[in-house]
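# Chain and residue survey
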Amino acid sequence: MRIAVVSLFPEMFSAITEYGVSGRAVKKGLAEVQFWNPRDFTQDKHQTVDDRPYGGGPGMLMMVQPLEDAILAAKAWAGTEGDCQVVYLSPQGKPLQQGLAQGLANSGNLVLICGRYEGVDERLIERYVDIEISIGDYVISGGELAAMVVIDSLLRLLPGALGHVDSAQQDSFSEGLLDCPHYTRPEEYQGQRVPEVLLSGNHQRIRQWRLQQALIRTWQRRPDLLDKLSLSEEQQTLLSQYLNTQQV
Ligand SMILES: CN1CCN(c2ccccc2CNc2ccc(C(N)=O)cn2)CC1
């Protein structure tokens, strides 16, 4: 999978290409990540990459010519092997959810455009962008951190990215649930013991306990997620077992 990033600050991306699961996925070659900096496509001696907004108002926009030339170069590389989707990270985008990350991981090559200043000329978005994505309802100073979140979320879904093949599947979020509590040594910490079931070695009971905990947490903290799910027989049983013990 080829991921082309258009950004004024490519050095920021070492955070995902050099560390952890995402760094290993890149090092293993599960994905190639290349960068195109609009500043390298400027034609003036000051290497201008910003421009004033028509209609006045505070702030600047990304200058069209260097950005467009960087986008075209990125598309040429990413589109070499078949189709590529062009993604723009912005507060106006479609909210990133696990399903969208999975879709991007399956979708072939990507070009990610990172906005700076107050964003980019709408005509470039209309001409080049296939999907606008937001990582949440808040504003950050550039699209780079949002692009890194998107890249990280899809890299870990690529086959071979995670050591134990089904640990990605076991991600509760991939089932639409919040994660269960986790414990490691010591068995007793500040007077608090690890739940006995986890010490039992009974893998069926452990799996059920973890699933029930994920259901309880989702019910307690994010009932909106629960409403979207059609629970399996087992999930229904495990959740109602718990709810029957609560004065609900
Ligand atoms: C003060 N201005 C900073 C730049 N910004 C802007 C505008 C357009 C595109 C990119 C940006 C970069 N910022 C982002 C990017 C993504 C998200 C997200 N939620 O995914 C939040 N913010 C407009 C506001």
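Residues numbered from 1 in each chain as written. Predicted model: local features only at pLDDT ≥ 70, side-chain atom pairs only at ≥ 80, totals over all residues. Heavy atoms only, no water.

An unreviewed UniProt entry annotates the protein as tRNA (guanine-N(1)-)-methyltransferase of Halioxenophilus aromaticivorans. We quote the UniProt Function (unreviewed entry) comment for the protein here in full: "Specifically methylates guanosine-37 in various tRNAs." (UniProt positions renumbered as here; feature names shortened; annotations may be inferred.)

### Some words on the overall build of the protein
The number of helices and strands found in the protein is ten helices and nine strands. At 23 Å, the protein has a C-alpha radius of gyration far larger than the 18 Å of a compact globule built from 248 residues. Oriented by its inertia axes, the alpha-carbon framework of the protein measures out at about 70 × 40 × 40 Å. When burial is assessed residue by residue, the protein has 41% of its 248 residues classed as buried. Restricting the contact set of the protein to residue pairs at least 6 apart, pairs at least 24 apart contribute 75%. Surface accessibility of the protein: about 14,400 Å² in total, with carbon and sulfur atoms responsible for 50%. Side-chain charges of the protein comprise 22 positive and 31 negative groups, with the mean position of each set lying 5 Å from the other. (Helix = DSSP H or I, 4+ residues; strand = E, 2+ residues; numbered from the N terminus. Rg over C-alpha atoms; globule rule 2.2 N^0.38 Å. Buried < 20%, exposed > 50% of the residue type's maximum accessible area, 1.4 Å probe, protein only. Contact = heavy atoms within 4.5 Å. Areas by Shrake-Rupley, 256 points an atom, 1.4 Å probe, with all protein chains shown as cover. Lys, Arg positive; Asp, Glu negative; His and termini not counted. Charge placed at Lys NZ, Arg CZ, Asp CG, Glu CD.)

### Side note on the side chain of D121
Counting through the fold element by element, D121 comes out in the loop between β6 (109-114) and α5 (122-128). On the basis of relative accessibility, which here comes to 16%, the residue D121 falls in the buried class.

### A look at the site of the ligand
Contacts to the ligand come from 17 residues, most closely from Y88, Y117, I135, G136 and I140. For the ligand, a nitrogen atom lies 2.8 Å from a polar atom in the backbone of G136. Between Y138 and the ligand, the recorded distance is 3.1 Å, taken from a backbone N or O atom to a nitrogen atom. Expressed as a share of its isolated accessible area of 520 Å², the protein-covered part of the ligand is 86%. Breaking the shell around the ligand down by element, the ones donating at least two residues are β5 (84-95) and α6 (143-155). Counting residues per element, the shell around the ligand draws most heavily on β5, at four residues. Here the residues of the shell around the ligand are counted per class, giving nine nonpolar, seven polar and one charged. (Near = heavy atom within 4 Å. Polar contact = N/O pair within 3.5 Å; in protein donor to acceptor, adjacent residues only side chain to side chain. Nonpolar A, V, L, I, M, F, W, Y, C, P; charged D, E, K, R; others polar.)

### Structural notes on the pattern of salt bridges
Following the criterion strictly, the structure yields nine salt bridges and no others. The salt bridge partner of E188 is R193, with a shortest N-O separation of 3.9 Å. Put simply, D224 and R222 hold a salt bridge, and the shortest N to O gap is 2.9 Å. When its relative accessible area of 36% is taken as the criterion, D224 is described as partly exposed. When salt bridges with common partners are traced through the structure, they connect E187, E188, R193 and E196 into a single cluster. (Salt bridge = Lys/Arg side-chain N within 4 Å of Asp/Glu carboxyl O.)

### A look at the packing of helix α4 (residues 98-105) against α6
Packing of α4 against α6 leaves a shortest axis separation of 8 Å and a crossing angle of 75°. The pairing of α4 with α6 is recorded here as roughly perpendicular in orientation. Contact residues: A101, L104 and A105 in α4; V150, S153 and L154 in α6. Grouping the constituent residues of the contact of α4 with α6 by class yields five nonpolar, one polar and no charged. (Axes fitted to C-alpha atoms, helices over the stretch in contact; angles between N-to-C directions. Parallel < 35°, antiparallel > 145°, perpendicular 65-115°, else oblique.)

### Some remarks on the nonpolar core
Judged by nonpolar contacts, the single largest core of 29 residues is most densely connected at I3 and I133. Sorting the residues of this core by element identifies β1 (2-6), β5, α4, β6, β7 (131-134) and α6 as the ones contributing at least two each. For this core, the element with the highest residue contribution is α6, accounting for seven residues. Ignoring anything within four residues of it in the chain, the contact list for I133 reads V87, Y88, L89, S90, G93, K94, L96, L100, L104 and V150. Among the nonpolar cores identified, the runner-up in size contains 22 residues, and V49, M62, A74 and I125 belong to it. (Core = buried A, V, L, I, M, F, W, Y, C linked by side-chain atoms within 4.5 Å.)

### Regarding unusual backbone geometry
A cis amide bond links R185 with the next residue in sequence, P186, at an omega value of 5°. Turning to its location among the elements, P186 is positioned in the loop between α7 (167-170) and β8 (188-189). The backbone of Q47 sits at a positive phi, close to 55°, despite the residue not being glycine. Topologically, Q47 is positioned in the loop between β2 (32-36) and β3 (50-51).

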